[in-house]
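Summary of structural features
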Amino acid sequence: NQIMAVLPNLSANPEQVFSDTISVTLGQYHHRARPLSVATFNEIKPDRAHEIFKDRYADASDFTFVFVGNVTPETLRPLAEKYLATLPSLNRKEIFKDVMPGYPKGVVEKTVRKGTEPKANTLMMFHGPFAYTPENRFALRALVDYFQIKLNETLREQLGGTYSPNVQGGGSRIPKSQHTIQVMFGSSPENVEKLSRTVLSMIDSLKAKAPTQADVDKVREQLTRSREVDIKNNSYWLANIGARDQNNEDINGLMQAYDVMIQKLTADQIQAAARQYFDTRNYLRFV
């Protein structure tokens, strides 16, 4: 009842319509990519949802539990024996299903006209295959941090076309081995094309000419500062230990090996990552 009271007003929200357009386009209009609405919400079958829930938790034989924090193995062991070892175990052999078609290929552009004030949001999303290794994930992270620095310098400080440009990126292994890089900025409608062309020009320039050593040093400093904050947080260790275990990677790679990758970062690495992950023949732009 609470959700149904909100749904009729969603279509009047420009940001929601923009988000829905992105979702259905990325999902290539797949049944599962439909926006939440009164009609789709009415399709929910609570009894069936409960059946799925009970089935998923009927077999803990392939569950992996990760604990981090101020606790000793001696304290944890009796609790694990009491609460985890007694969970139901059917020893089913299971694997994930990839039910979505994947992102559309080529250059795709969508423009949403909604709202009453002269305001534009732009999202440029680059995607493609990805070999999911610690080294590739680090190179992609360094590329994203470098490009954020250059976006701030160019779009905001030099052109004054946007206040807070943002770039995010990452790779995945399940259900598809792929990477995505998202460049986002808000601007006046008349600046959308100029800023979009500038982003593509920055990518072409990076592919043609490696970053300066000064910029590499900035990226290295930023990665180091983030690292210093991350290692103090339980959430960092929880997420990364779990991910490394799921991908059959050595969790020792989270220790000194990662610091070494930061220290050895080069301009050529960032340029190579740009050439590999910024495919200007294969991206989507939403305005």
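Everything discussed here concerns the structure shown above.
What you see is a predicted model; the values in this text were computed from it and never measured. (Residues numbered from 1 in each chain as written. Predicted model: local features only at pLDDT ≥ 70, side-chain atom pairs only at ≥ 80, totals over all residues. Heavy atoms only, no water.)

**A look at the sheet that holds strand 1 (residues 108-110)**
Here is the rule: Whether two strands pair comes down to DSSP finding at least two bridges between them. Secondary structure counts use DSSP, requiring at least four H or I residues in a row for a helix and at least two E residues in a row for a strand, with both numbered from the N terminus. In this analysis an axis means a line fitted to C-alpha atoms, helices contributing only their contacting stretch, and an angle means the value between N-to-C directions, from 0 to 180 degrees. Here a residue-residue contact requires only that any non-hydrogen atoms of the pair lie within 4.5 Å.
The five strands are arranged 1-5-2-4-3 in an open sheet whose pairing can be described as mixed. Whereas interior strands pair on both sides, the edge strands pair on one side only; in this sheet they are strand 1 and strand 3 (166-172). For this sheet the average axis-to-axis angle between neighbouring strands, irrespective of direction, equals 10 degrees. Here ten bridges tie strand 2 (residues 120-129) to strand 4 (residues 178-187), and the two strands are oriented antiparallel to one another. Considered in strand 4, the bridge of F126 is made with I181. Packed on one face of the sheet, helix 7 (residues 192-208) meets strand 2, strand 4 and strand 5 (283-286) and runs near 30 degrees to strand 2.

**Brief notes about the packing of helix 6 (residues 134-158) against helix 10 (residues 256-263)**
Condition: Orientation categories follow fixed angle ranges, with anything under 35 degrees roughly parallel, anything over 145 roughly antiparallel, 65 to 115 roughly perpendicular, and all other angles oblique. In this scheme the handedness of a crossing depends on how the near helix is turned from the far one: anticlockwise by less than a right angle means left-handed, clockwise means right-handed. Ten residues, namely Ala, Val, Leu, Ile, Met, Phe, Trp, Tyr, Cys and Pro, are considered nonpolar, four, namely Asp, Glu, Lys and Arg, are considered charged, and the remaining ones, Gly among them, are considered polar.
Put simply, helix 6 and helix 10 touch, their axes get as near as 11 Å, and they point 45 degrees apart. In terms of their interaxial angle, helix 6 and helix 10 are classed as oblique. Every pair of crossing elements has a handedness; the one defined by helix 6 and helix 10 is right-handed. Contacts from P134, E135, F138 and R141 of helix 6 reach helix 10 at Y258, M261 and I262. In the contact of helix 6 with helix 10, the residues fall into five nonpolar, no polar and two charged.

**A word on the environment of D145**
Summarising the element assignment, D145 is placed in helix 6. Distance in space between the C-alpha atoms of D145 and Q222 is 7.7 Å, their sequence separation being 77 residues. In contact with D145, other than residues within four places in its own chain, are V219, Q222 and L223.

**Observations regarding the nonpolar core**
Across soluble globular proteins, nonpolar side chains show a tendency to be buried alongside one another. For the record, the criterion: What we call a nonpolar core is a set of buried Ala, Val, Leu, Ile, Met, Phe, Trp, Tyr and Cys residues that are connected through their side-chain atoms within 4.5 Å. The cut-offs for exposure are 20% and 50% of the maximum accessible area for each residue type, with area from a 1.4 Å probe on protein chains only; residues under the lower value are buried, those over the upper are exposed, and the others partly exposed.
Ranked by internal contacts, the top residues of the largest apolar core, which has 37 residues, are L143, F147 and V199. Contributing elements (two or more residues each) for this core: strand 2, helix 6, strand 4, helix 7, helix 8 (213-230), helix 10 and helix 11 (267-277). The greatest single-element share of this core, amounting to eleven residues, is contributed by helix 6. Non-local contacts of F147, meaning those with residues more than four positions away in its chain, are made with V167, V183, V199, M202, I203 and F278.

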